[in-house]
Amino acid sequence: MGIFRRRKKILDLTEKYKREQEKAAELQSNSETDSSESFGFLGDMASASRTSSDDTVDISSTIETRKRQLSKRLLQLTEKIEDLSNQIYHLQQRIEVLERKANVGSY
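Residues numbered from 1 in each chain as written. Predicted model: local features only at pLDDT ≥ 70, side-chain atom pairs only at ≥ 80, totals over all residues. Heavy atoms only, no water.

Peer 1: Can you lay out the overall build of the protein chain for me, pointing to particular residues and giving the numbers?
Peer 2: Along its length, the protein chain carries 2 helices and 0 strands. Burial status across the protein chain gives 3% buried among its 107 residues. Per element, the accessible surface of the protein chain, about 10800 Å² overall, is 57% carbon and sulfur. (Helix = DSSP H or I, 4+ residues; strand = E, 2+ residues; numbered from the N terminus. Buried < 20%, exposed > 50% of the residue type's maximum accessible area, 1.4 Å probe, protein only. Areas by Shrake-Rupley, 256 points an atom, 1.4 Å probe, with all protein chains shown as cover.)

And the structure:
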């Protein structure tokens, strides 16, 4: 009955993920301020226009990549289902052969 024991240890990685996200946001804001400081007000205008165009490109590219990943995953799942159904069919055929040999089905 050792199979049904509950484990007390829980691994929680949310804090680490939050810290990594904060660091990434800080690095991004630091790089944006560095580029805007080097060109003054022209840099501010350039960074504002760059981020708005980058956001639309990032969103469409992430949607496309997610669609591709989803289609690949669906293909993998359907192949796996087909393989499993083939295995079930072969097992059923073997069972029928064994039943015929053992005369289990006849009364």
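Read on, since the account is not over.
Peer 1: So, a nonpolar patch on the surface: which residues are in play, and what are the values?
Peer 2: Among the surface-exposed residues, L70, L74 and L77 lie close enough to one another that they form a single nonpolar patch of about 270 Å² accessible area. Along the chain, L70 falls in helix α2 (residues 41-102). (Patch = residues over 30% accessible without salt bridge, like charges linked within 9 Å, V, L, I, M, F, W, Y side chains within 5 Å. Salt bridge = Lys/Arg side-chain N within 4 Å of Asp/Glu carboxyl O.)

Peer 1: Which residues make up the pattern of salt bridges, and what are the values?
Peer 2: Summed over the entire model, instances satisfying the criterion amount to 1 salt bridge. The residue R100 makes a salt bridge to E96 at a minimum N-O spacing of 3.7 Å. On the criterion of helical spacing, the pair formed by R100 and E96 is a turn pair, its members being 4 residues apart in helix α2. On the accessibility criterion, E96 (35% relative accessible area) is partly exposed.

Peer 1: I'd like a rundown of a negative patch on the surface, residues and numbers included.
Peer 2: Together, D12, E15, E22 and E26 give the surface a local cluster of negative charge. Note that E15 resides in helix α1 (residues 14-39). Judged by relative accessible area, which is 46%, E15 ranks as partly exposed. (Lys, Arg positive; Asp, Glu negative; His and termini not counted. Charge placed at Lys NZ, Arg CZ, Asp CG, Glu CD.)

These figures come from the coordinates and say nothing about function on their own.
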